[in-house]
Structure formats: C-alpha cells, structure tokens
Amino acid sequence: MDNSYKHEDIEADAQAFWEQTGAFTTREDADGDKYYCLCMLPYPSGRLHMGHVRNYTIGDVISRYHRMRGRNVLQPMGWDAFGLPAENAAMANGVAPGRWTRDNIDYMRGQLKSLGFAIDWSREVATCDPDYYRWNQWLFLQMLDKGLVYQKTGTVNWDPVDQTVLANEQVIDGRGWRTGALVEKREIPMYYMRITAYADELLSALDGLEGWPERVRTMQANWIGKSEGVRIAFPYTLDDRDDKLWVFTTRADTLMGATFVAVAAEHPLALRLAKDNPDVAAFIEKCRAGGITEAELATQEKEGVPTGFHVTHPITGDKVPVWVGNYVLMAYGEGAVMGVPGHDERDYAFAHKYDLPIRQVVDVEGEHYDAAGDWQDWYGTKNGVCIQSGPYDGLGFKAATDAIAADLAANGCGEKRVQYRLRDWGISRQRYWGCPIPIVHCEHCGEVPVPEDQLPVVLPDDLVPDGSGNPLAKSEAFINCDCPRCGGPARRETDTMDTFVDSSWYYMRYTCPDSDEAMVDARTNYWLPVDQYIGGIEHAILHLLYSRFWTRVMRDLGLLTIDEPFTNLLTQGMVLNQIYFRRDGARITYYNPADVELRDGQPVLASGGNSVEAEGLGKMSKSKNNGVDPEVLVARHGADAARLFMMFAAPPEQTLEWSEAGVEGASRFLKRLYRAVAEHASQGPAGAVPANLDDAAKALRRQTHATIAKVDDDLGRRYTFNTAIAAVMELLNAINRFDAKDAAGRAVVHEALNTAVALLAPIVPHICHRLWRELGHEEPAIDATWPTADPAALERSELEIVVQVNGKLRGRISVEAEADRKAVEQAALADDNVQRFIDGKAVRRVIVVPGKLVNVVV
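The paragraphs below set out a description of the structure included in this document. (Residues numbered from 1 in each chain as written. Predicted model: local features only at pLDDT ≥ 70, side-chain atom pairs only at ≥ 80, totals over all residues. Heavy atoms only, no water.)

**Examining the sheet that holds strand β21 (residues 439-442)**
What counts, and what does not: Between any two strands, at least two bridges found by DSSP are needed for them to pair. Starting at the N terminus, helices and strands are each numbered in turn, a helix being any DSSP run of H or I of at least four residues and a strand any DSSP run of E of at least two. In this analysis, axes come from line fits to C-alpha atoms, helices being fitted only over the stretch in contact, and the angle between any two N-to-C directions falls in the range 0 to 180 degrees.
The sheet built from four strands is open, its strands ordered β22-β21-β24-β23 with antiparallel pairing. The open sheet terminates on both sides in strands that have one partner only, identified here as β22 (446-449) and β23 (480-482). Adjacent strand axes in the sheet meet at a mean angle of 45° when their direction is disregarded. Judged from the three bridges that link them, β21 and strand β24 (residues 489-492) form a sheet pairing that is antiparallel. Bridging across to β24, Cys442 finds its partner in Ala490.

Spelled out as structure tokens, the structure:
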C-alpha cells in the first residue's frame, strides 16, 4: 500500500468501482426495512454551488448510514427543469430552452458524480420530459372532473411591450425588468387548483408533523391563516337594483365604529362606479401600475379616492361612504374592508390622511384615548369593553361578537364564518417553457379537456423565445388541432403550468420512474412517505404546502395510502463567504475572496495590490461574486476533503462559514488517517482481539466502542455530524498514541482502525473504500455493516473522578467502578492535592455525584 494519500487516484478508483458494479442501485424488497432519503431537486442552472454540495452531502451521509444499518435505501436525483430562467438564457444565447436545459443537466450530473454521492441514477427524472409531465396533465384532468380545478379571471402583471405576463419579481419599480415599460394590471382567464378545499386539514395536520422544525410549521400555519370572524353585509341600491357589499372581519365587536368602507380597485363595485366618476377611473388606472402581492401592498403608501357613493350600516342604518383603496387586495377576503380607524392601525392612518371620522367604540379602564394623537397599541386590543355602541355597550369582545353576529343573521346581513388567508392556487403561466395545460378551445364546444388517450400534449422544445410574448402563441403547428368533441377546427391552450406543479409530486415518481400505465404504482406506497427530506428554508411554505395538498388529492383519488409526504424535514443553513468590492462612483464591482489577500490587515487584490472594501460575511451568490467553484475545490483537495469540511464546520441547520483553511485541515486529517492504516497494514494481518488485555489496550478498546455508540447516536438521531467527526478524530489520536507492543495490541489497533474507517465511510466514502480493502476486507466498504458497540468493552474496572474544593477543580482520583459513596469520599479527601487546598480548614460538607465528581466544601 502506497503510504502517500493521492486523492485523485483514490477517488477515481472508488467511483469507477461504484459505476461498474452498479453499487448505488436501490434494493427493493417489500419485506425489508425501507429508508427514503431525499434532497430537494435542483434547477439545472449549469453549475453546482456550495449550497448544493452541502445539501447533497447531508443527504448522502444519512443515506449511506442507513444502508450500512441494513435498510433498503432510496436516494434518487432529478431536475426541476421547467421555468423562466431557461427562457431568459435562451434569449441571451439564442438557443432553445430544451437544449440549454439538457446540456446543463448533463454537466451537473457529472459534477454530482464527482462528489461520490450514492445516487441511484437509474431513477433520474427531469420534469421537462413528456413521460413525466404527461402525468401532470392527467392529474389536472382528474381534478378538473372532480371540481378541484376551475377557471376564473385573475389579476396579473402585464408588460405591454413584450406582450407577456411578468412574475412579481420581474416588476421593478413598477416597470418590466427587461423592457422598462410601465407594467399594467390585467384580468385574464386562469386555471386554479382548489387548495382551499383542504385548508382545514392542511392546518390541523401540522400538529402531527413532529419531525418538522417548529419554525416551518409556524410559517405554514401563518400562510394558511385560519381566522374566526363574521361576514358582514353593507346593503346598497345601484342601477335600481338592491345589492350588498360584503366584508369579513375578526373584529365584529368594532362594527359600530365603522366610518367608511374601502374596496379594491378591481372590485366590481369600484369598476361600476368608475363609469360615472373620472376621479375613480383615474385612480383605478393608477392602481393597475402597482404591485399585486400582499407584501407590496403592505409596504406602499396607503392611498384612496372617495367614490361619492354610500352603503348602509347593517345595524344603525347610517350611510357609510365607499372609498377605493390601494391597500385592499381583491384576491384576499371579499376584496373590501370596513374602515374602523379607531381600532385598526392601517385605518387610523388612512383616516388621518383623508380627514375621515375616527370613533372610539372600545374602552380599556385606566387608558386615555386620543383620536388626534399617535396610534397606541391598546387601541387595537380585544381586552376592553364596547362603548358608544348602543345595545352592545359594556360587552367584552366575545359577548359583543356573538350579539352582533346574531343581530346580523336576523336581518340577513351577516353570519359567523371561519375564513382562511390561503387562496386557491393559480397555476396558469403565460410563458413557454412549462407543462402545457391539456385544454382545447373550440368555437362550438368551448373549453374541451384533452382525452386521456391523447396525452401527453407535447411541448415543442425547439422554439427560441425572443421576448415578444409566448412563442407557443405563434406556433401554428402547436396551436392548431381538431376538437376532441366535435372534430372541428380548434386551438390548443397556450398557457403552461406553474413549475410548482412539477415539484409537487416528483418524489413519488422516483419510486416508479418506469411506470407507463399509471402515475404511481404499488412501489410508491412501499417507499412513501419520504423518511428524511432535506432542503432550504426558502421552500418552507409554497413547495411544501403544495406537496402536502397534492398528496391529499392523490389519496382521495385512490392513488396513495398516505396523508403526508415527508415524515422528517431538515432545513440546512446557508453557506457564507466574505464579500469584497470596489466602488467607482455609483458602480460597484465585486471580487471573489480567492482573488483578495490581507496586507497589513487590509484587504487588497492579490493581483495588482489595489485596495478593496470588506462587506463582511454573506450568502454565497453570483451577484456578490463570493462563490467557491466545487470543481476547483475537488481538483485541489479532493471530494472527501470537501465533504468532511462541510460536515465538520457546523451543525446542518446552522449557517456555515466558508474557510479554505478549514478544507486544508480536513485534508490533513485524511492524510493522517491514511498513514495510520498504511503503517498498520504494512505489518501484515492482525488476529482477533484476545480476552485478556493490559490496561492500555483495554482503554483504547473502550474508546473504540464508546466512539461507535456516540457516532451512531450523532448520525442516526441527532444529525450532529460535526461531533461525530470529532469523536473519530479523538479515536485516531488515541490510536496514534497507543504503543502496540504485541499481537494483542495490534489486534486492538486493527479493531480501532476498522471502526474509524467504517464510521467515516458515510462521510468520506472514497478514502474509506480504499482503506477498508487495505484492512483486509473482501466485501467493499459500500456493503459493510455498521459497527455495533460491545457493552463488555465499555465496562470499566476503575473510574476517574473529578475532585473540586469549593466548586473549583483541584484534583482527579481513580476509584474502583463498584466503589460506594463512602469509599469515593475517603479517596477524594486523601488526595494530596486536595489536602493542599483544604489547608487544615474544617470540612463542612462533601458532595458526591456517583461516577462523575466530588465537591469538598470547606
């Protein structure tokens, strides 16, 4: 065995063996114990980043560990391959998104293989493959048939120059990101999935997801947003027709303080009133250029316009003015709110701005209300009693709500209701690179679903977007078709599905990627739910929520037997690196940390010596040019060193600060491990560990088995990979200190080295593949069995006890493991060093913690 550690040769050898033997092919035994470990599938952007490396290393360590524990392990990989970035790249490079995407997939697959991930590539899926998205379309049709998919008009961002819909993040200061044109709000027909039908179940089931971080469960609960309140009607007459303006509120107790109502610019009442009021029409047009998300509305300046129209207060009969407000979102609630400026901070500011009446209707004893002053938190409390509220005076929040709800119900103007913040999922995207929606538009038959036997509706993947709208709308070969119902000429739907549709069920397809006759089959129910899911916190809401919804839909269609897709969830922290830049007027140029060095404590460019500014630590990103190329890292230090550093530098949930020195330290440890095995192997075979060992050999063997117990717990339960690695490092130090004087000593060292290599095999698999073979094993390390701690080896004849005097460490003593409290106390008091600190003082008390410490109080 060569004594020098050459990571290039070792890693190439291991990867060739795994490839040739099909080592990562999943064992599928219905009677076996399964373990499904899954990392969120990547977008094929072209290159891996260090966030990918950390994410997939965590998953690979867990997968390899459970494989060594004898479980059937599924660790697949695929590609979230549809989406707008491919269209943008296509426009920039003049190539079809399909070609760009598949070239990137090929490159990134090679990068993943170079890191030694034990991925079963025979199960690889790409969401842009017709064999995959065929089933998106099939389930869409099943949901359409069950009423879980429907069509209605929805508000979108419209770029009038590119003639396309923009995502919210593509609207910058009210203008299209590419054209700079003022963006308009438009109402267009869109398809929606009725996720609200499952809102209550999605919310209540969060309590059962004990393997999920509390933070993620809270984020989902807030997004679903269950509210218990009252739906209230404000009657009115318009165009000689009686109607009602509905609002929903969780503060029905403040109804008597409503001094105005505000409706969204898209509300039907606002649109009707705009016909007779130029000011309202102009304000609606202004709102069309604004944002459409709740976050944007929360941060923009609150503005409104009076309509001159009034509705009737449902209790008092008073006339209440109607305003159009830019802070009211049509997609949430009823698209209208009752303005109670006395007890709502947003309404309070709006009323001050437009000099609207502010009426106090809730009082808290000992507090002073000042309608002309600044907002006070207690104004919005539910802990007061009603005042200036007629028959409800003196009632608390619950009693007033109940009484008002009853009176509203009696006159047909309201009812108690549970409402959710969650809205149905709009899946229509007016873009090219996505799954076609399987609908045909016929002049005679209307909207016609594509028959199942004509699926998939295949997306042409050779079109090149030019920025002038959806290229599907210009592809006659795609658009023109026969109506499935009447046989006449028809046109295909050119909207494509939201890419969250693709990622809502990909983990199911991994279980049966070759299933031609069904979306899923019996294998899916064997593997699901996913035992461990790993991914970024940025997917905590939408992706996970949509996946939970998708699972329930398939369950109710009889396709699955589970309720929840992911049993345990781990959200790994970001990878951070230093950020350096130079400022030239308004222009900022960022420099990669690899190109910067410190001179006299100041950062300068290594080439040229120009000074740069340090921004501090930040997430690795292309925009800040502070990423580390995984290929360069692997070439320089090896995949195992990169993996070891990633697992050692920080617990997986925490952020990881990048350190080239840390990777070099990991590489040095691997060299030490390699040398230790090489030196041991050069002395020939070692025998079995004998029954009789001297104290030093017993101590090393005890540490060996204690390390097994610790690493088993750290990897299998706690996921504290850094402490597991530290324990093996300590074991290697103990091995190097041990003097193997005889065959018994060599046997103990052999067992310890075997253990160290086996415990590290999930983390640094390449070097362990080589070392396992050099230690005399015929089976490869990938098929090795996880070590088991021997309780007998952990037994001690003597214990080392810490001795304190008045709480400060003053000595250590060795006592028989079976020694009673009195014997331990006597040994502690007899220790020379302890006596020196007692120094003749009277011993007031001796505290003995069995097996750990003695504290002498003087």
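From this point, the discussion proceeds with the structure in view.
**Things to note about the nonpolar core**
Inclusion rule: For this analysis, a nonpolar core means a set of buried residues of the types Ala, Val, Leu, Ile, Met, Phe, Trp, Tyr and Cys, connected via side-chain atoms within 4.5 Å. Burial classes: relative accessible area under 20% of the type maximum marks a residue as buried, over 50% as exposed, and values in between as partly exposed (1.4 Å probe, protein chains only). Residues count as neighbours in contact if any of their non-hydrogen atoms are within 4.5 Å of one another.
Among the nonpolar cores identified, the biggest contains 173 residues, and Phe140, Met193, Trp550 and Trp658 are the most heavily contacted of them. Ignoring any residue separated from it by four or fewer positions in sequence, one finds Trp658 in contact with Met50, Leu576, Asn577, Met620, Val628, Leu633, Phe645, Met646 and Val663. By size, the runner-up hydrophobic cluster in this structure holds 39 residues, among which are Ala233, Val261, Ile284 and Val340.

**Here we look at the packing of aromatic side chains**
Stated precisely, the cut-off is as follows: Each Phe, Tyr or Trp ring (for Trp, its six-membered ring) is paired with any other whose centre lies within 6.5 Å, and the angle between the two planes then decides the class: stacked below 30 degrees, edge-to-face above 60, tilted in between. For a Lys NZ or an Arg CZ to count as sitting over a ring, it must be within 6 Å of the ring centre and within 35 degrees of the ring normal.
Inspection of every chain in the model, using the stated rule, returns 37 aromatic pairs. The interplanar angle of 70° and the centroid separation of 5.7 Å between the aromatic rings of Tyr198 and Phe549 together place this pair among those described as edge-to-face. Within this pair, whereas Tyr198 is found in the loop between β9 (184-193) and α6 (199-204), its partner Phe549 is found in helix α17 (residues 542-556), the two being separated by 351 residues in sequence. There is no split in this pair, since Tyr198 and Phe549 are both buried. Where Trp425 meets Phe549, the ring centres are 6.3 Å apart and the plane angle is 70°; that geometry is what we call edge-to-face. Here Trp425, found in strand β19 (residues 425-426), pairs with Phe549, found in helix α17; they are 124 residues apart in sequence, far enough to count as distant. We classify Trp425 as buried; its relative accessible area is 2%. Grouped by ring-pair contacts, the aromatic residues Tyr198, Trp425, Phe500, Tyr546, Phe549 and Trp550 constitute a single cluster. Its guanidinium or amino end placed over the ring of Trp18, Arg64 lies 4.9 Å from that ring's centre, counting from NZ or CZ.

**What about the packing of helix α1 (residues 7-21) against helix α24 (residues 765-774)?**
Keep this limit in mind: Roughly parallel means an angle under 35 degrees; roughly antiparallel, over 145; roughly perpendicular, 65 to 115; everything else is oblique. When residue character is reported, Ala, Val, Leu, Ile, Met, Phe, Trp, Tyr, Cys and Pro are called nonpolar, Asp, Glu, Lys and Arg charged, and the others, Gly included, polar.
Where α1 contacts α24, the two axes come as close as 8 Å, and the packing angle between them is 85°. Here α1 lies roughly perpendicular to α24, going by the angle between them. Listed contacts from α24 to Asp9, Ile10, Glu11, Asp13, Ala14, Gln15, Phe17 and Trp18 of α1 are Pro765, His766, Ile767, His769, Arg770 and Arg773. Tallied by class, residues from the contact of α1 with α24 come to six nonpolar, three polar and five charged.

**Notes on α24**
When you tally the buried positions in α24, you get eight out of ten residues, the bulk of the element. What α24 keeps buried is the set Pro765, His766, Ile767, Cys768, His769, Arg770, Leu771 and Trp772. Considering only its buried residues, α24 is in contact with α1, α2 (50-68), α4 (97-114), α19 (639-648), α20 (660-681) and α23 (743-760). Looking at the residues trailing α24, positive phi occurs at Gly776, about 100°.

**With respect to the environment of Val95**
Topologically, Val95 is positioned in the loop between α3 (84-93) and α4. The class of Val95 is buried, set by a relative accessible area of 19%. The spacing of Val95 and Pro565 is 470 residues in sequence and 37 Å in space, taken between C-alpha atoms. Dropping the residues within four chain positions of it, Val95 is found in contact with Ala90, Trp100 and Val464.

**Some thoughts on the side chain of His52**
Tracing the sequence through the fold places His52 in helix α2. The contact partners of His52, leaving out residues within four places of it in the chain, are Pro42, Arg47 and Met108.

**Considerations on the environment of Tyr507**
Put simply, the rule is: In the analysis that follows, any N or O atom pair within 3.5 Å is treated as a polar contact, provided that within protein one partner can donate a hydrogen and the other can accept it, and provided that, for residues neighboring in sequence, both atoms belong to side chains.
As for its placement among the helices and strands, Tyr507 is situated in helix α15 (residues 506-509). Taking relative accessible area as the criterion, Tyr507 reaches 0% and is therefore assigned buried. A C-alpha to C-alpha distance of 9.7 Å links Tyr507 and Phe566, two positions 59 residues apart in sequence. In this structure, Tyr507 is in contact with Tyr36, Leu38, Leu528, Val530, Ser547, Thr551, Pro565 and Phe566, ignoring residues within four places of it in sequence. At a separation of 3.1 Å, a polar atom in the side chain of Tyr507 contacts the side chain of Thr551.

**What about the side chain of Arg54?**
Let me state the cut-off plainly: Two residue types count as positive, namely Lys and Arg, and two as negative, namely Asp and Glu; His and chain ends fall outside the count. Here a salt bridge means any side-chain nitrogen of Lys or Arg lying within 4 Å of a carboxyl oxygen belonging to Asp or Glu.
With respect to the helices, strands and loops of the structure, Arg54 is situated in helix α2. There is no salt bridge for the buried Arg54, and the closest opposite charge comes from Glu653, which lies 7.1 Å off by N-O distance. Here the side chain of Arg54 touches Pro651 through a polar contact of 2.9 Å, landing on its backbone oxygen. The residues contacting Arg54, other than those within four sequence positions of it, are Gly573, Met574, Val575, Met646, Met647, Ala650, Pro651, Pro652, Gln654, Thr655 and Leu656.

**Here we look at the sheet that holds strand β13 (residues 304-312)**
The four strands lie next to each other as β13-β14-β12-β15, forming an open sheet whose pairing is mixed. Each having just a single partner strand, β13 and β15 (336-339) make up the two edges of the open sheet. Strand after strand, the sheet turns through a mean of 30° between neighbouring axes, direction not considered. Strand direction decides the pairing type here: β13 and strand β14 (residues 319-325), joined by six bridges, are antiparallel. Bridge pairing in β14 links Thr312 to Lys319. Helix α11 (residues 345-354) rests against β12 (260-263), β13, β14 and β15 of the sheet, and its axis sits at about 70° to β15.

**Remarks on the pairing of strand β1 (residues 34-39)**
Working note: regular strand, side chains alternate between the two faces of the sheet. Counted only if it meets this: Consider the strands pointing away from the viewer: the crossover is right-handed when the path from the first strand over the helix to the second runs clockwise.
Of all six residues in β1, six are buried, a share of seventy percent or more. Along β1, one buried face is formed by Lys34, Tyr36 and Leu38 and the opposite face, lined by Tyr35, Cys37 and Cys39, is buried too. Assessed by its sense of winding, the connection that carries the chain from β1 through α2 to strand β2 (residues 72-74) is right-handed. Relative to strand β26 (residues 530-535), β1 runs parallel, the two sharing three bridges. Bridging across to β26, Cys39 finds its partner in Ile534.

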